[in-house]
Amino acid sequence: MLLINNMYKSIQQYIRQLDTDSIEASRKQLLEPLADYLKGKYQQNESIALQFICTHNSRRSHLGQVWALAMASFYQIDDILSFSGGTQVTAVYPQILKTLQEQYFKVQIVDNSKNPLYAVLIDENNELYLFSKKYDHSSNPEESFAAIMTCSQADGDCPFIPGAERRFAITYEDPKIADGTDQESSQYLIRSIQIATEMKYVFSKIK
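Residues numbered from 1 in each chain as written. Predicted model: local features only at pLDDT ≥ 70, side-chain atom pairs only at ≥ 80, totals over all residues. Heavy atoms only, no water.

Draft legend 1. The arrangement of the pattern of salt bridges in detail. Applying the stated rule across the entire model yields 6 salt bridges. Its salt-bridge partner being arginine 60, residue aspartate 174 comes within 3.2 Å of it at the nearest N-O pair. Here aspartate 174 is found in the loop between strand 7 (164-169) and helix 6 (184-204), whereas its partner arginine 60 is found in helix 3 (residues 60-74), with 114 residues between them in sequence. Three or more residues joined by partner-sharing salt bridges are found here, namely Lys41, Glu46 and Glu165. (Salt bridge = Lys/Arg side-chain N within 4 Å of Asp/Glu carboxyl O. Helix = DSSP H or I, 4+ residues; strand = E, 2+ residues; numbered from the N terminus.)

Pasting the structure below:
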């Protein structure tokens, strides 16, 4: 498991400046059940697997996957794995990678195919791989995981996620609405900051 002293200092500093007090009360109320779930698993010394699910597994679910792992590292929460999936297979939208780079993650292209594979580094020795896949892909857990639905369409289309022991609907506005416009970069950054700040709030409650 990642330890904070192994994280890139730039990411540590970025996380420190995220203001959880800026989260609206209604959003905190939505996040509390997930925080309670994680805290309960942690107190029972049980491993934790999270899968962030969105329709195309191309935007919000990847941001959730990355920021959950980063926050686990930041707060030194051991034995947490973070995954993502969708109801359809597409590709990671390139602005997601640009946004993560802007937030100090290192991104490398591993396989530049129609559905590219990217490595996102939190430090020099720890990385996670991003590519679009269905939620039941072989790289994702088959059981005993929490499904976090990051978009309302996936939440409605998949009322049952096989193998999930808990399901949480924590949806976000799709930054796709700004694709191809002058606002694309800023809208993706806004959404990533929101997800990062909310994951910081959740993980800060575990210990």
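Draft legend 2. Main features of the environment of methionine 199. Inspection of the secondary structure assignment puts methionine 199 in helix 6. Residue methionine 199 is classed as buried on the basis of its relative accessible area of 1%. In sequence terms methionine 199 and glycine 64 are 135 residues apart; their C-alpha atoms lie 7.8 Å from each other. Apart from the residues within four sequence positions on either side, methionine 199 is in contact with Leu34, Phe52, Trp67, Ala68, Met71 and Tyr172. (Buried < 20%, exposed > 50% of the residue type's maximum accessible area, 1.4 Å probe, protein only. Contact = heavy atoms within 4.5 Å.)

Draft legend 3. A look at unusual backbone geometry. In this model, asparagine 57 sits at a positive phi of 45°, which is unusual for a non-glycine residue. Considering the arrangement of structural elements, one finds asparagine 57 in the loop between strand 1 (48-53) and helix 3. Looking at asparagine 57, the relative accessible area reads 0%, which means it is buried. Located in the positive-phi region is aspartate 79, a residue other than glycine, with phi close to 60°. The topology assignment puts aspartate 79 in the loop between helix 3 and strand 2 (80-85).

Draft legend 4. Highlighting helix 3. With 15 residues, helix 3 should cover 21 Å at 1.5 Å per step; its first-to-last C-alpha distance of 21 Å lies within 8% of that length. Within two residues after helix 3, glutamine 76 carries a phi angle of roughly 55°, on the positive side. (Expected span 1.5 Å × (residues − 1).)

Draft legend 5. The packing of aromatic side chains, seen in detail. The full count for this structure, using the stated rule, is 6 aromatic pairs. Geometrically, the ring pair formed by phenylalanine 74 and tyrosine 75 is edge-to-face, given 5.0 Å between the ring centres and 85° between the ring planes. Of the residues examined, phenylalanine 74 reaches a relative accessible area of 11% and is grouped as buried. By way of ring pairs, the aromatic residues Tyr14, Trp67, Tyr104 and Phe105 are connected into one cluster. It is arginine 59 that lies over the ring of tyrosine 93; its NZ or CZ is 4.3 Å from the centre. Stacked on the ring of phenylalanine 131, the Lys or Arg lysine 133 has its end atom at 4.6 Å from the ring centre. (Phe/Tyr/Trp six-rings, centres within 6.5 Å; stacked < 30°, edge-to-face > 60°. Lys NZ or Arg CZ within 6 Å of the ring centre and 35° of its normal.)

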